[in-house]
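Commentary on secondary and tertiary structure
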Amino acid sequence: MGEDFNIEKYAQEVNAMMDNAIKNFEKEANTMENNNNTEVTAMTDNTNNNTEAEAMTDSTNNNNVEATDMMNETNNNMDGVGTLGEVPFDDLAEIIPQNEQAVVEGNNAQTKIEVVGIIEPSEDAMSEIPQDEREGIEEPPVELADITECGLFTPTFGMKGFITDTGHIFWGKLLTEPKTGCNLIYHQQYKDGTFSPQMRINKADLMLAAGCRFVPENMTNRALRADVEKFIIETTKDYYNKLLYLNEGLDMVSILKLFTSEFAKLPFENKLPLLEQPKKLYSKVIQIIKDRHLDIVDEHEAYYTLDKNHIDTLAEDLNIKKNELLKKLKEYRFLYLTDSSEGYQTCIRFKPYGEFFPKTYTQWCYCILKLDYLAKKRLQRTNK
């Protein structure tokens, strides 16, 4: 080591060199950011500005070989001190002690779990009752096997079945109820003979979705498109929620298309109350009149005449309130009413009847039309 070497002066030169290099690097980085994707060669060109610093570094290194040798000698004498060398950053975690490793929490923690054993459900204490003390099992009073074989216990009773080319079996019918309107009720039959729980599809929603071929994007009306999308999602969720065997499932759109194509073949069941079924209501009323009030059947050809007692009995037999019954009879045009009628009654003329009614007379009555007689009259007039 030369006698003229001044370590303080050397340190000042090195610090000045490093400061100059850092400033030049920051300047180059700012230039690259402002120019957006400036090529790397530009940065290389910019380093030409550091020629003096590099020259100074080379000069300093050449002039201070003794100092460098001294530093190397000092490093060689530091026994027991290791260096990281070229260890990749990702591998540094292996060097960190286990108790100082980072803690992974929340969604970042991923642990692979495997089932290594199965624990069967436990039984209650009654399973320990001796066999000879358990309840006796009586033979069923009927042959349940034959009834079951005939399908009388299946949930699809009254439904029509459809077998697809994929091997799936679906049963369905149309059901009309007071609160829910008309719905398609259906079950899927599985390969083992069992059935899915009951599922239902609203008829109006089905027809709306069929109108766009079950592709909501085909609809230009945004509100209707949203309705169809919601319908398909809800029916799909209902189907998969009640599907017992996932390997026998079918996509919901295919099921919807199946029932749409076979819609006309579906059986129809009406669970509307009697008052909401005109045909059934009229048949019931006429049947009761003929069975209970024979004295009024043939008094007039065009209608049955009922007094207050008659209408009270009729409502009681139908288990319907009198005013509700009369309101529906009027709504369905089953009553003979004119402009001079009062409420649900009409003043009509009766023929002489016995010693108490030697002449014609009038009376206010509830007049229920004989539709069969009136229909024949109309057909006769039409065919002339």
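Residues numbered from 1 in each chain as written. Predicted model: local features only at pLDDT ≥ 70, side-chain atom pairs only at ≥ 80, totals over all residues. Heavy atoms only, no water.

1. Regarding the overall build of the protein
- Along the backbone of the protein there are 13 helices and 8 strands.
- Taking all 384 residues of the protein together, 26% fall into the buried category.
- Sequence separation of at least 24 residues holds for 49% of the intrachain contacts in the protein that already meet a minimum separation of 6.
- Element-wise, carbon and sulfur atoms account for 51% of the exposed surface of the protein, whose accessible area totals about 29,000 Å². (Helix = DSSP H or I, 4+ residues; strand = E, 2+ residues; numbered from the N terminus. Buried < 20%, exposed > 50% of the residue type's maximum accessible area, 1.4 Å probe, protein only. Contact = heavy atoms within 4.5 Å. Areas by Shrake-Rupley, 256 points an atom, 1.4 Å probe, with all protein chains shown as cover.)

2. Some points on the packing of aromatic side chains
- What the rule picks out here adds up to 9 aromatic pairs.
- Here Phe-162 and Phe-259 contribute two aromatic rings whose centre-to-centre distance is 6.3 Å and whose plane-to-plane angle is 90°, an arrangement assigned as edge-to-face. With Phe-162 in strand S1 (residues 160-163) and Phe-259 in helix H9 (residues 252-261), this pair connects stretches of sequence that are 97 residues apart. Judged on exposure class, the residue Phe-162 and its partner Phe-259 are both buried.
- Ring geometry for Tyr-332 and Phe-334: centres 5.7 Å apart, planes at 50°, overall tilted. Accessibility classification places Tyr-332 together with Phe-334 in one group, the buried group. (Phe/Tyr/Trp six-rings, centres within 6.5 Å; stacked < 30°, edge-to-face > 60°.)

3. Re helix H10 (residues 278-292)
- For H10, which comprises 15 residues, the first-to-last C-alpha distance of 21 Å matches the rise-based estimate of 21 Å (1.5 Å per residue) to within 8%.
- Burial in H10 covers these residues: Leu-281, Tyr-282, Val-285, Ile-286, Ile-288 and Ile-289. Seen along its axis, H10 keeps its buried residues to an arc of 160°; they face one direction. With respect to the buried face of H10, the exposed residues turned more than 90 degrees away are Lys-279 and Asp-291.
- Turning to H10, the residues buried within the fold contact strand S6 (303-306), helix H11 (308-318), helix H12 (322-331), strand S8 (361-369) and helix H13 (371-382). (Expected span 1.5 Å × (residues − 1). Arc of directions from axis to C-beta.)

4. Focus on the nonpolar core
- In terms of nonpolar packing, the biggest core is built from 27 residues, with Phe-170, Tyr-186, Ile-201, Leu-206, Tyr-239, Ile-255 and Phe-259 touching the most fellow members.
- The set of elements that each furnish at least two residues to this core consists of strand S2 (169-177), strand S3 (181-189), strand S4 (199-202), helix H7 (203-211), helix H8 (222-242) and H9.
- For this core, the element with the highest residue contribution is H9, accounting for 5 residues.
- Residue contacts for Phe-170: discarding those within four places in its chain leaves Lys-160, Gly-161, Phe-162, Tyr-186, His-187, Gln-188, Tyr-239, Leu-250, Ile-255, Leu-258 and Phe-259. (Core = buried A, V, L, I, M, F, W, Y, C linked by side-chain atoms within 4.5 Å.)

5. As for the pattern of salt bridges
- Counted by the stated rule, this structure contains 9 salt bridges.
- Glu-269 is the salt-bridge partner of Lys-173, the closest N and O atoms lying 2.4 Å from each other. With Lys-173 in strand S2 and Glu-269 in strand S5 (residues 268-270), this pair connects stretches of sequence that are 96 residues apart.
- Given a relative accessible area of 27%, Glu-269 falls into the partly exposed group.
- Among the salt bridges present, the one from Lys-242 reaches Asp-238, with a minimum N-O distance of 3.3 Å. Placement of both Lys-242 and Asp-238 in helix H8 is noted, with a separation of 4 residues, approximately one turn of the helix.
- Taken together, the salt bridges that share partners define one network made up of Glu-276, Lys-328 and Glu-331. (Salt bridge = Lys/Arg side-chain N within 4 Å of Asp/Glu carboxyl O.)

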